[in-house]
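Report on the structure
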Amino acid sequence: EVMGEILGISEVARELEQKLGVRQVVIVPGDSDETFWVQRDIGRAAVTQLKARLAPDDNIIAVTGGTTMASVAAMMSPDKKERPMHFVPARGGLGETLELQANTVCSRMADRANADYHLLHIPDEVSQETFERMVEEPSIKNVLEMIRAARIVVHGIGEAETMAKRRRATPEHLRMIERHEAVAEAFGYYFNAEGEIVHRVKTVGIQLEELDNMDTVIAVAGGKSKAQAIAAYAKHTPNIILVTDEGAATELLTCY
Ligand code: BG6
C-alpha cells in the first residue's frame with residue numbers, strides 16, 4: 001500500500017479535498033476493484049456520514065441504485081437517536097436491472113434503518129403522453145413531491161461506458177457517449193473529463209441543477225477504475241462529500 005507508507009490516509013483525504021475542490025473526502029483502506037469487502041467498508045463509511053448529518057426532526061433521503069449504493073443499504077442500521085428518516089429514490093427508472101434499481105436500494109435501506117420509504121412506479125419506456133399523465137397520478141405525484149423536499153442525497157458515480165452498457169444502451173447511444181468522450185455517469189447524467197454534461201437520461205425526480213441547493217450530497221464510489229469518473233464528476237458538482245477508497249484516492253492524486 002503505497003499510500004500508507006508516504007502519507008496517512010487522512011492526510012491524503014485533505015490533499016484530495018484541495019485537489020478536487022470538494023466539501024469533504026472520506027477514504028477507506030483498500031481497493032474495491034480488487035477486494036470485495038472494501039465496497040462494504042465504503043458503505044459503512046457512507047452510513048456514518050449520513051447519520052452525522054441528520055436533522056433532529058425530519059429527514060427525507062433520496063438515494064440512487066447501483067452496486068455501491070446496495071452496499072450502503074447493506075451496512076445501514078437504525079439511528080440510535082431515533083431521528084425520523086424517510087427514504088425515496090432520487091430519480092425514475094434509468095434502465096437498471098431490478099437488483100440495482102434505486103427503488104430496490106431505497107426499500108432495503110429503509111428496512112435496515114427501521115424507517116419508511118416511498119417508491120416511484122414509472123416504467124422506463126412509455127410514450128410522452130402516458131408519461132405526462134402518470135406524473136399527474138396522485139400516488140406518483142405525492143412521491144415526486146417528497147423527492148422534491150429531500151435535503152439529503154446519497155448516490156453512486158460510475159464510469160460512462162460501463163454504465164451505458166449495463167443499462168443496455170442502444171448502439172447509437174454508445175456511439176454518442178464515445179463521440180462526446182463521456183467518462184463519468186451519475187444518476188442518469190453523463191459527463192466528459194471537463195465535468196460538462198454530454199447526455200442526460202430523461203426521467204422524473206431530482207435534476208442535476210437541484211443538487212446545488214441540497215444540504216448534503218454524499219457521493220459513494222471507489223476502485224482505481226473509477227478515478228477518472230470521480231474527478232470529472234467532482235468538477236461539475238463540488239459540493240459533495242466523497243466517500244471513496246484508497247485505490248481510487250491514490251489514482252486520483254497521482255493521475256488527475
Ligand atoms: C446507478 C446510479 O444506479 O449506479 C448512478 O444511478 C451510479 O448514479 C451507478 O453511477 C454506479 O453503479 P455502481 O454499481 O458502480 O455502484
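The preceding data block contains the structure.
Every value quoted in this text rests on a predicted model; they were computed, and no experiment measured them.

Here we come to the sheet that holds strand S6 (residues 158-159). Read from one edge of the open sheet, 4 strands run S6-S7-S8-S9, paired in antiparallel fashion. Each end of this open sheet is capped by a strand with a single partner; those strands are S6 and strand S9 (197-200). As judged from the 3 bridges shared by strand S8 (residues 189-192) and S9, these two strands associate in the antiparallel manner. In the strand pairing of S9, Tyr-189 is matched with Arg-200. Here helix H9 (residues 171-179) sits on the sheet and contacts strand S7 (182-186), S8 and S9; the angle it forms with S9, its principal contact strand, is near 165 degrees. The sheet contacts of helix H10 (residues 227-236) involve S6, S7, S8 and S9, and relative to S7 the element is tilted by about 70 degrees.

Before going further, it helps to spend a moment on helix H4 (residues 67-75). For H4, the set of buried residues is Thr-68, Met-69, Ser-71, Val-72 and Ala-73. Buried-residue contacts for H4 involve helix H3 (36-52), strand S2 (59-63), helix H5 (102-113), strand S5 (152-156) and strand S10 (216-220).

To continue, consider unusual backbone geometry. For Asn-114, which is not glycine, the phi torsion reads 60 degrees and is therefore positive. Along the chain, the position of Asn-114 falls in the loop between H5 and strand S4 (116-117). Even without being a glycine, Arg-168 presents a positive backbone phi close to 50 degrees. Tracing the backbone shows Arg-168 in the loop between helix H8 (160-166) and H9. We classify Arg-168 as exposed; its relative accessible area is 60%.

Enumeration over the complete set of coordinates arrives at 11 salt bridges. Its salt-bridge partner being Glu-96, residue Arg-167 comes within 3.6 Å of it at the nearest N-O pair. Residue Arg-167 is found in the loop between H8 and H9, and its partner Glu-96 is found in the loop between strand S3 (85-89) and H5; the two are separated by 71 residues along the sequence. Across the pair, Glu-96 and Arg-167 agree in class, each one buried. Across the pair Arg-167 and Glu-185 runs a salt bridge whose closest N-O atoms are separated by 2.6 Å. Separated by 18 residues along the polypeptide, Arg-167 in the loop between H8 and H9 and Glu-185 in strand S7 bring together distant segments of the chain. By relative accessible area, which is 3% here, Glu-185 ends up buried. Counted as one network, the salt bridges with shared partners bring together Glu-96, Arg-166, Arg-167 and Glu-185.

Rules behind the numbers
Residues numbered from 1 in each chain as written. Predicted model: local features only at pLDDT ≥ 70, side-chain atom pairs only at ≥ 80, totals over all residues. Heavy atoms only, no water. Pairing = 2+ DSSP bridges. Helix = DSSP H or I, 4+ residues; strand = E, 2+ residues; numbered from the N terminus. Contact = heavy atoms within 4.5 Å. Axes fitted to C-alpha atoms, helices over the stretch in contact; angles between N-to-C directions. Buried < 20%, exposed > 50% of the residue type's maximum accessible area, 1.4 Å probe, protein only. Salt bridge = Lys/Arg side-chain N within 4 Å of Asp/Glu carboxyl O.

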